[in-house]
Amino acid sequence: MTQNIYDDPEFFQGYSQMNRSIGGLDAAPEWPALKALLPSMHDLNVVDLGCGYGWFSRWASEHGAAHVLGVDVSEKMLERARETTTAANIRYERADLELLDLPACSFDLAYSSLALHYIRDLPGLFAHLYAALKPGSHFVFSIEHPVFMAPRNPGWLIDSDGRKRWPLDSYQMEGERVTNWLADGVIKQHRTMGTLLNSLIDAGFTIRHVNEWGPSDAEVAAQPALAEERERPMMMLVAVQR
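If you check an unreviewed UniProt entry, the protein chain appears there as Class I SAM-dependent methyltransferase from Pseudomonas serboccidentalis.

### Side note on the UniProt feature "domain: Methyltransferase type" (unreviewed entry) in the protein chain
UniProt's entry tags residues 47–141 with the feature "domain: Methyltransferase type" (unreviewed entry), counted in the numbering of this structure. For residues 47–141, helix accounts for 29% and strand for 32%, while the C-alpha atoms at its two ends are 12 Å apart.

### Here we look at the sheet that holds strand S2 (residues 67–72)
Consider a sheet: its strands pair through backbone hydrogen bonds, and that pairing is either parallel or antiparallel. Here we have seven strands laid out as an open sheet, ordered S3-S2-S1-S4-S5-S11-S10, and mixed in their pairing. Each end of this open sheet is capped by a strand with a single partner; those strands are strand S3 (90–94) and strand S10 (206–213). Averaged over all neighbouring strand pairs, the angle between strand axes comes to 15°, with direction disregarded. Pairing between strand S4 (residues 107–113) and strand S5 (residues 133–144): six bridges, direction parallel. Pairing of Ser 113 across the sheet is with Ser 142, part of S5. Sitting on the sheet, helix H4 (residues 55–62) touches strand S1 (45–49), S2, S3 and S4, and the angle it makes with S3 is about 155°. The sheet contacts of helix H6 (residues 122–132) involve S1, S4 and S5, and relative to S5 the element is tilted by about 145°.

### Concerning helix H8 (residues 193–203)
Within H8 the residues assigned to the buried category are Leu 196, Leu 197, Ser 199, Leu 200 and Ala 203. All buried residues of H8 lie within an arc of 150° about the axis, which places them on one face of the element. Of the surrounding elements, those touching the buried residues of H8 are H6, S5, S10 and strand S11 (235–241). Where H8 ends, the next residue or the one after it, Gly 204, has phi of about 115°, a positive value.

About the criteria used
- Residues numbered from 1 in each chain as written.
- Predicted model: local features only at pLDDT ≥ 70, side-chain atom pairs only at ≥ 80, totals over all residues.
- Heavy atoms only, no water.
- UniProt positions renumbered as here; feature names shortened; annotations may be inferred.
- Helix = DSSP H or I, 4+ residues; strand = E, 2+ residues; numbered from the N terminus.
- Pairing = 2+ DSSP bridges.
- Axes fitted to C-alpha atoms, helices over the stretch in contact; angles between N-to-C directions.
- Contact = heavy atoms within 4.5 Å.
- Buried < 20%, exposed > 50% of the residue type's maximum accessible area, 1.4 Å probe, protein only.
- Arc of directions from axis to C-beta.

In structure tokens, the structure reads:
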């Protein structure tokens, strides 16, 4: 079973204070690039994997989706999602993505934001999603970049000139990474870019676009703190088609 760190009170409290938790999709700097990878929502059946507070589920509904299923392993996340959702065409369910059970050929779009790096059996999830999606449908997701996840002791190194460097090590050593982020003992699963993309291909998907996201000049000008995200990629945005 996936580690349910989001129900840890310390973690949930810290997460709830993050900009993207307060401001939703528009507070996530990668959202414009991720949104550009999405098809029209008109009349789609959508599954939101690791839906969290339900920000994307509500956005999909507001932009024309016929039905949206939001799934998450965290009861605290789902409670917040239900409290802030009024649309009748959105349904939330508690589900472990490692044990997901979706009906075959039922969805036009699968979406996931920064959840898949917690999944141990990612090839199994990809195979299940391929079966659950209709022919020609889309799967769009963001995931922590392998360069960001690989280090055994992640954190900026600062040289004598004040320049930040990211300590890339253990890149080829795939598997569990334990970090202290918002709470101690957060477990993530590192895999190389090749492993990630080939797992999608092996499941049957056609890769449409890969974005090693970084902020634009305008985004850095508006939010100077984003400048450090140009020193190494923190996340990947991926669009594939069944």
